[in-house]
Each structure stands twice: as C-alpha cells, then as structure tokens.
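Residues per chain are reported as follows:
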Amino acid sequence: MLGSVLKRLLPQRLTFRRTRFADVYALYERGELARAERDSAAIGDAERPDIDFLRGLIAKKRSDPVAAALAMEAAAAARPGETAFHFALADVLFALHRFESALEHYEAALAGAKLDSASRVSALRDAGRAYIRLGQTARGCAYLERALEHAPGDPAIVNYLSTALYREARIPEAWRAIEPLVRAGLGGMRLRRALFLPAVYESQTEIDAVRARFSQELDEVLDAREPHIADPAAEVGVTGFNLAYHNRNNAPLLAKLCRAMRHLCPAAAQAAPPKRAPRGRRLRIGFVSSFFQLHSVARTTIGFIRDLPRERFEVHVFAIEPAQDAMGRAVESAADVYVKLARDLGAIRRAVADAALDVLVFADVGMDPITYALALWRLAPVQAVSWGHSDTSGVDTIDYYLSAEGVEIESADAHYTERLVRPRAFFLGGYERPRLAQPIGREALGLPADVRLYGCLQPVFKLHPDIDAVLVALLERDARAEIVLLESKAHAAELVRRRFARTLGPLASRIRFLPALPMDRYVATLAAMDVALDPLYFGGCNSSCEALALGVPLVTLPGAHLYGRFTLGLYRELGIEDCVAASVEDYVERAHRLANDRDYRTAVSRELAERSGALFDRKDITLAYADFLEEAFARA
C-alpha cells in the first residue's frame, strides 16, 4: 500500500533531477539495497534530504523501523513541504506505536497540495486509526467517515469504522456502517455484525432479546454460503466478549459461535497437527496473550509463568505486541524463551507451532480477536485457557479451563465447553501485593469530604441493570451517600446516565462519574472510599485484591458464575465474612453499616489489612496446575 502511494507522491525531481541519485533510487527499487546504500554515500549534500529519505525506505525494507524513522525525520525536517516524506514517516511511526507523532505527519501530508484522491484516502484512514489507538475514538471515526466520502464502501475503512463504533458502544451506528458489506456477501461480515453486541442494557428483557437475536444470526451464518475466510482475526475481528456481562450460561452460545467460525474458516480444523518435540525432557509449555503488559491478564498470569518448577517445565511466552512497560519486562524475564510477535495471525501460528509445545495455555480467550482466532487451531497436544477472561471460550480445540474449587459452584461444569479443572487450592497464583505509594486526601482527588462515598470503581459495562435497584436503596437509606463510578468509555457512560435518569430519577444527581484513572490515582481513589461495592454478577478480581490490600471493605454478593465469585474466593481465604452478602437486601444492609458505623468499619478495615498478606505471592495453584498438566499431557 505505502509503495503505491509513494509512487504517486514522489516528485519527478526526486528520481530524475540528478543522474547519480536516479541511479541509486533505481537500485533500491530493484531490491539491491546494499548497493543503493553504498552508492548513496557518494552523493553530495545538496540532495541530503532525498538520501535520508531513501535510507529510511531501505531501513524499512530491512524491518528496522527505528532506523527508518530517524532517517525520515531528518528528511522531513530538512524539506518540510515534501508530502511524500510526511506520509512515509507517518506510516513508520504508526508501526512503532508512536501515534501522536504519526498524526503530526499524517496531518502535514493531508495539508500538502500534491495529495491526490487515493493518497488522501490512505492518509485519512490511517490518521483515523491513529486517533482511535490514542483513545480519541470520536475524532478517529470522523476521519474514517471523511475517507469513505472519497472511497464509498471501501471494505477496509468500513471495517475500521464499524469496529470503532462498536467498541464505543455505538451499536446502531456500527450496524448501519457495516450493512453495505453484509449485503455484498463479503465473507465474515454477517458474523461481524452479529457480534456487535451492546455493552450497556436497559433491562433484563433487552438482554434476553439481544441473546435471541444473536443466536438467530449465528444460525443465519451457519446456513449461508458465503466465501471462506483465511484470517478470522482480521476478517471477523470481533469476539463475544460482551456476553459475559449478561449473567447467563454462555456455553451454548459460544459453542455455536465456534461452529460459525469453523463454517467460515474450515482451514483451521483441517490444519496439520503441530510438530512433536523429542521425549525424555522437561515438559515444554507455552503461554500466549496480547495482554502481557500492565494489564489485569498479565498481573494474574505472571505467577503461573514464573513459578512453574523449572526442573519439570520449559516455559515459552508468546507476547503479541506487548507494551514496553514494567509488567511487560517482568513477564519477559520470567520466561525461559520469550517471543515478541506482531499482530499477524499466520506469523503467530507459525511461531507457536515451531516451538513444538507439549502444552499451550491461553492466558485469555474472548478478549482479543487474534487470540480467539489462534485458539481455533490445534497447536499443541494439550491446550488450556486460564481465567484472564473469566468465561468459557466455547472453542472445541481448547481442552481444559483452569479454575479452582473455591470460586466455582458445584454444578459449574455446565458453564464450560472445556473440561473444568478446579484444584482445591487458592485460586490466585503469584499475585504481587498492591501498595499505595502515598495517601492522597479527598480534596486533592477532587472528591467531597463531607459525604459518605460508596465506590464501584469498575468499567460501566459491568453495571448490569439489576444494580440500579441497589443504588436506589443505598441512596434512599443514606441521605449523605454519594456513589462513585468510573466513566471508562464516554458513550457507554452516557448510556448508563440515561438509564439512571429513568431508574433512579432525582437520586441520579448523587452519582459521581470519574474519568479513567492511571493506576496510582486509581489506587488512591479506592483508598478514599468509605466502602467499596462489588458489581452484581460480574465482580472484581484485580480491583478486589487492591481494595483488600488497602483495608477498604468491599461488599460482594457472590453470583453463580466464575466472574462473580473472585471476591468471595478472596474472603474465604482470609476467613472473613463481614462483607459477603446473601441477598440484595443483605448487600445494602452491609454496605450501609460499613459506611455509617465508623468503629465497625475501622475494625473490619484493620482485620483486612492484617490478614490480606495471605492472598499474595502464593504458589499453590501454580503447583496444582503443574501436576494436572503433566497428567493431561501423559493422557494426550
């Protein structure tokens, strides 16, 4: 794509004004990179910007984007009016995830007078993608819509736009955006539309209607004769993530989703089995995720990776586009073999298959399209998924779901398409104790000092419609109460506000939404709450660990599914029952007492602070999984 754009944008003088440079550029175009680089050294300073740009192109072809960016930045600085320089530099910076810098140069390219229609489409499209990656989704969607004005119906742009709208919870708009591709019969588009599931609901009735529609649309995919697809991650690009927040058993629907995926991508089931490594050695186990960075998945998985007994296991980690942060570096150092991979499904499959694993563990399946797609292939004799996403995968090539006895109900096997593994061991392995670097007062946090704060510091898509009655009861009972929520995605929060206006009425004025917070600010805000509230049905895990480590009482009403029982598992381990409710009425009673009875709250908080150390840096579940996976491989 970039090559064809540059051929249109490169000015005539760049290739023909000087014979010596024309010869060097011709070497580059023929793929003679070493000669082009050597001969460019002999060209004078008058053409230095062109030479720097050419060296950037050479570095890019050699898969060295850092060197490419340095060379192209020098070229663009020396000749700021050159549209081609800005466009190519923006492309390289985007690949390096330097999205703010990339946008500067996309905007410079768009301001260039020489940008033809096709190149303008490319610049608008990629600028839109960069804004979306920076979290400025509304602005990114506006750029993508402008790109579609120049290229109506372009499938790639429609896919980017519709997916961005979906992720912003703007579901009707996402459906409208993708409809032309569905009508055109493009492979994967009907399933993509079906997976555009709402994140926020008005009622249980709406949840039931959405699930019925989704099931019907899966049937339509299974009945349709659409073109096969080769890359489900790119060509469908959405998962059933939002099903987990319905408080329903998702195993039947997610199994049907897997069948629909296999109907569209039969090559996954027909792939040759992976290579087998020689026997008589340590068990070779791999972990794969796109969240091996400062993320809840990495925080709950790193202990598993780090603490597997090395005399029995050789640990490989496959990190898909990890951020370069402290947690990412910790995961890398915990691995025996660490492989950093781009978001290329074929390349990831080859890397995992070439490792000749005995066991492959998906840290999560259902949160990211690329790992969901990867799970459709058989890449190891034993494949398991951990609870980074605490719902069944539905994928028939995942053999086991790794959970624990203390967080599952007796009949939980029916919730999983995998075989449920639940050792009698504490479920949290190797989790590092959260710490508050420095307490911050409410005033500095922008919070009122003269009210009782009930904090439910969770993404708004966890706010099931049933929680509205709980909030009403708390606000009616405690005249000085204020409920603190996190806004996370702006449009999703707006949908929740509209629901509250209907269900809470005037009481909605005592709901305080906070913007997304960096980790240190989040922990300080949590510590400032009088009492924390676990959402109904889909509660916290990482956030629960933080609350208990800080001694913040966290009221929970355990649900029937894994995703609503982590807080219960933490309290069970501590032997503390004060904050575990048996009903909605009991939930309200316990939260109210903790917020209003200062002596009682202090006693509970002190007990939490004293006992919570027992939750962290544990190895027992990892050792239990190790024993199980050895047995599973022997059976396989």
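Heads up: these notes are all about the structure in this document. (Residues numbered from 1 in each chain as written. Predicted model: local features only at pLDDT ≥ 70, side-chain atom pairs only at ≥ 80, totals over all residues. Heavy atoms only, no water.)

Okay, the overall build of the protein next. In terms of regular secondary structure, the protein is built from 30 helices and 12 strands. In terms of C-alpha radius of gyration, the protein reaches 27 Å, essentially the compact-globule figure of 26 Å for 636 residues. Structurally, the protein occupies a C-alpha span of about 85 × 65 × 55 Å along its principal axes. Long-range pairs, those at least 24 residues apart, make up 68% of the contacts in the protein with a sequence separation of at least 6. When the accessible surface of the protein is split by element, carbon and sulfur atoms take 51% of a total near 25500 Å². (Helix = DSSP H or I, 4+ residues; strand = E, 2+ residues; numbered from the N terminus. Rg over C-alpha atoms; globule rule 2.2 N^0.38 Å. Contact = heavy atoms within 4.5 Å. Areas by Shrake-Rupley, 256 points an atom, 1.4 Å probe, with all protein chains shown as cover.)

Glancing now at the nonpolar core. Of all hydrophobic cores here, the largest spans 222 residues; its most connected members are Leu191, Phe287 and Phe427. Residue contributions to this core peak at eight residues, all from helix α7 (residues 83–95). With near-sequence residues (within four places) excluded, Phe287 lies in contact with Phe292, Thr301, Phe304, Ile305, Leu308, Val315, His316, Val317, Phe318 and Val361. Formed by five residues, the second largest nonpolar core is a distinct cluster that contains Phe241, Ala244, Phe538 and Tyr563. (Core = buried A, V, L, I, M, F, W, Y, C linked by side-chain atoms within 4.5 Å. Buried < 20%, exposed > 50% of the residue type's maximum accessible area, 1.4 Å probe, protein only.)

Turning our eyes to something else, we now look at unusual backbone geometry. For His97, which is not glycine, the phi torsion reads 65 degrees and is therefore positive. By secondary structure assignment, the location of His97 is in the loop between α7 and α8 (99–111). The partly exposed category is assigned to His97, whose relative accessible area is 34%. The phi dihedral of Ala169 falls on the positive side, at around 70 degrees, and the residue is not glycine. Mapped onto the elements, Ala169 comes out in the loop between α11 (155–167) and α12 (171–183). Classification of Ala169 as buried rests on a relative accessible area of 7%.

Attention shifts here to the pairing of strand β2 (residues 313–320). When you tally the buried positions in β2, you get eight out of eight residues, the bulk of the element. Looking at chain direction, strand β1 (residues 283–289) and β2 are connected through seven bridges and run parallel. The residue of β2 that forms the bridge with Val288 is Phe318. Since β1 and β2 lie parallel, the crossover through helix α18 (residues 296–307) that links them has a hand, and here it is right-handed. Pairing of β2 with strand β3 (residues 337–341) involves five bridges; the strand directions are parallel. Bridging across to β3, His316 finds its partner in Val337. The parallel pair β2 and β3, bridged by helix α19 (residues 326–334), forms a crossover whose chirality is right-handed. (Pairing = 2+ DSSP bridges. Right-handed = clockwise from strand over helix to strand, strands pointing away.)

Glancing now at the sheet that holds strand β11 (residues 531–533). The five strands lie next to each other as β10-β9-β8-β11-β12, forming an open sheet whose pairing is parallel. Each of the sheet's edge strands pairs with one partner strand only, and the pair in question is β10 (511–514) and β12 (554–555). Direction of pairing for strand β9 (residues 481–486) relative to β10: parallel, over a ladder of four bridges. The residue of β10 that forms the bridge with Leu486 is Leu514. Its contacts with the sheet place helix α23 (residues 467–477) against β8 (452–456), β9, β10 and β11, and it is angled at close to 145 degrees to β9. (Axes fitted to C-alpha atoms, helices over the stretch in contact; angles between N-to-C directions.)

This part takes up the sheet that holds strand β5 (residues 382–385). Overall, parallel pairing links the seven strands, which are arranged β3-β2-β1-β4-β5-β6-β7 in an open sheet. In this open sheet, the two strands that pair with only one neighbour each are β3 and β7 (419–421). Taken over all neighbouring pairs, the strand axes of this sheet differ in orientation by 25 degrees on average, direction set aside. When β5 meets strand β6 (residues 400–402), the two strands line up parallel, connected through two bridges. Counted as the bridge partner of Val385 is Tyr401 from β6.

Turning our attention to the pattern of salt bridges. According to the stated counting rule, one finds 38 salt bridges in the structure shown. With a closest N to O distance of 2.5 Å, Arg79 and Asp50 form a salt bridge. Of the two residues, Arg79 is situated in the loop between α6 (65–78) and α7 and Asp50 in helix α5 (residues 48–61); the sequence distance between them amounts to 29 residues. Take Arg79: its relative accessible area is 16%, and that puts it in the buried class. Overall, Asp50 belongs to the buried group, its relative accessible area being 0%. Residue Arg512 is joined to Glu482 by a salt bridge in which the shortest nitrogen-to-oxygen separation is 2.3 Å. With Arg512 in strand β10 and Glu482 in strand β9, this pair connects stretches of sequence that are 30 residues apart. Taking the relative accessible area as the measure of exposure, Arg512 reaches 26% and is therefore partly exposed. Salt bridges sharing partners connect three or more residues here, namely Asp50, Arg79 and Glu82. (Salt bridge = Lys/Arg side-chain N within 4 Å of Asp/Glu carboxyl O.)

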